[in-house]
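Structural description and commentary
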Amino acid sequence: MLLRVAAANLLKKLRFPASHAFPASTVTTTDALSVKLKLPRWYQTGGHGWRINLRDPCLWIVISGHVAITLGISANATFAENATTEASSNNDLGDDLMGLRKIEDGSVVSNIHTAKWRVFTDKAREFFQQAGCFFGKLDEAEKLFLSAIQEAKEGFGEQDPHVASACNNLAEFYRVKKAFDKAEPLYLEAINILEESFGPDDVRVGVAAHNLGQFYLGQKKLEEARVNYEIKRRVLGYGHSECSDTMFHLGVVLYLQGKERDAEVLIKDSIRMLEEGGEGESSVCIRRLRYLSQIYMKSHQVAEAEMIQRKILHILELSKGWNSLATVIAAESLALTLLASGNTKDSKDLLERCLDVRKELLPSDHIQIGANLLHLARVVMLDCSQHKKLDVSKAEAELDMAKNHLHNSIRIARECLRKVSKQKDKLKRNSEPGYSRKEGQAALAILLQSLNTLSSVELEKQELQKIQEGNINLEARDALLQCISAYKEFVSEKSIADTPEIKNEYLSCLKRAQNLFGHKLH
């Protein structure tokens, strides 16, 4: 693995100390597979050649509670998805395959079969990369991968490592297509061939085992994934350049198995190894730091999460400056952590700065701006609750400010939903599946949350004004009805796919409406 040297001296004091020691590997053999391991990607802004769209709402939107940086998946699934989608991206389908690299192993083309094997493999990879725009290319890619296996067997022999390479490539293809029953036997065949050719302790066996581990992780077969990651860690040894990656993924599996402490140790070690190798400011390291901060937030270690997020923001401020959505995302995440710890002043300052930058970088009706306004409204509401006993007029002014933010957030979300609805057929014709669904889910989630929050603002304002209890607050009632109506309009009619977060927000809204208004709701 080529290391990208970065200026990490400013952050050395925050590096993690070593907590594991593994025997150094004596293996120095380079990987003869046509695959060079490409590990899962998670919430990154580049790194290892991956392209990402920072305007994708699924990267930054908050669906419920504290920020989790992902959309449409539950708590444990979020972590599993984050781990596996370090290897899955709708933005760059071709790079999703760890095995789909041009063949550069220095082998000598000795006959027509070996020549065809090389051509078929390279062409299949090319077709797969084009599959994001031309769906017919997938069928062509599959045929070529199958042909590459056949040519490898005829040109090199049934048990040759080139056959293992071809099997791994096709297995990765099936994994991405979610044809899991076809993928697993090919992974196993590749490992068997490599073990027979080089022995069980060879680096190439470890790489193939990692691929299989990733496959199992995607299937939520955690113990199988753990075993295969352990194989790679054993054959690589602690000093190998890819040991950091393996330790991180093993840490992810252990976390999903409920072994939080062991997982934390491994993930911190993987980060420390990147820092010691000069990659402390790389997108890979930032992604792992974010994952670690999520672990801390889920275990209610808010102070530890805040420290990590401050470190991330510092790195991005130095490397990208504030005129960058990557920096804004990091700042927003820190702001929400500060909010969770009750630090409303710093949280509000950061969110206001995020909003100013987004307004400069994005269209005025971009859904990220709507989300930012929603966050600000929630901070202002918390400020109001802290001030209402001391200064009622100030509390009322803050509630008016929150209402203004929410009205704008609602307007932006509705506009986004309208655009998504109009673009739906056009996007289908342009062969861009998933875009309208993701945009729609993000906008609908913000709309429901904004309406639900608006009802809370109205009720809080009613309390401040000491309106007679039992009187219906019409604005709060209207906000809740709009929330229920929006869900039915976009989800019940199947124009936007339901997600656990969207459903939970709807149920919360419905329950509040029933509790507050009972039969009067109808």
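Residues numbered from 1 in each chain as written. Predicted model: local features only at pLDDT ≥ 70, side-chain atom pairs only at ≥ 80, totals over all residues. Heavy atoms only, no water.

Concerning the overall build of the chain
Check the secondary structure of the chain and you find 18 helices and zero strands. The buried share of the chain, taken over its 522 residues, is 54%. A fraction of 70% describes how many contacts in the chain between residues 6 or more apart in sequence connect residues 24 or more apart. (Helix = DSSP H or I, 4+ residues; strand = E, 2+ residues; numbered from the N terminus. Buried < 20%, exposed > 50% of the residue type's maximum accessible area, 1.4 Å probe, protein only. Contact = heavy atoms within 4.5 Å.)

Focus on the pattern of salt bridges
Pairing between side chains becomes possible if they bear opposite charge and their charged atoms approach one another. On inspection of all chains with the given rule, the structure shows 21 salt bridges. Residue Arg 204 is joined to Asp 202 by a salt bridge in which the shortest nitrogen-to-oxygen separation is 2.7 Å. Arg 204 gets classed as buried once you look at its relative accessible area, which sits at 9%. Among the salt bridges present, the one from Lys 419 reaches Asp 365, with a minimum N-O distance of 2.4 Å. Of this pair, Lys 419 sits in helix α15 (residues 392-429) while Asp 365 sits in the loop between α13 (344-361) and α14 (367-387), placing them 54 residues apart in sequence. Judged by its relative accessible area of 32%, Lys 419 is partly exposed. (Salt bridge = Lys/Arg side-chain N within 4 Å of Asp/Glu carboxyl O.)

Section: the nonpolar core
With 130 residues, the main nonpolar core has Phe 173, Leu 217, Leu 350 and Leu 444 as its most contacted residues. Broken down by element, this core gets its largest block of residues, eleven residues, from α14. Mapping this core onto the domain boundaries places at least three of its residues in each of domain 1 (111-198) and domain 2 (366-422 + 439-463 + 474-521). (Core = buried A, V, L, I, M, F, W, Y, C linked by side-chain atoms within 4.5 Å. Domains from an automatic or database assignment.)

Observations concerning the packing of helix α8 (residues 243-256) against helix α9 (residues 260-276)
Closest axis-to-axis distance for the α8/α9 pair is 8 Å, and the angle between their directions is 160°. The orientation of α8 with respect to α9, classified from their angle, is roughly antiparallel. Two packed elements cross with a definite hand, and for α8 against α9 that hand is left-handed. Residues Cys 243, Ser 244, Met 247, Phe 248, Leu 250, Gly 251, Val 252, Leu 254 and Tyr 255 of α8 touch α9, and the partners they reach there are Glu 260, Asp 262, Ala 263, Leu 266, Ile 267, Asp 269, Ser 270, Met 273 and Leu 274. Here the contact of α8 with α9 is built from residues that sort into twelve nonpolar, three polar and three charged. (Axes fitted to C-alpha atoms, helices over the stretch in contact; angles between N-to-C directions. Parallel < 35°, antiparallel > 145°, perpendicular 65-115°, else oblique. Left-handed = near helix turned anticlockwise from the far one by under 90°. Nonpolar A, V, L, I, M, F, W, Y, C, P; charged D, E, K, R; others polar.)

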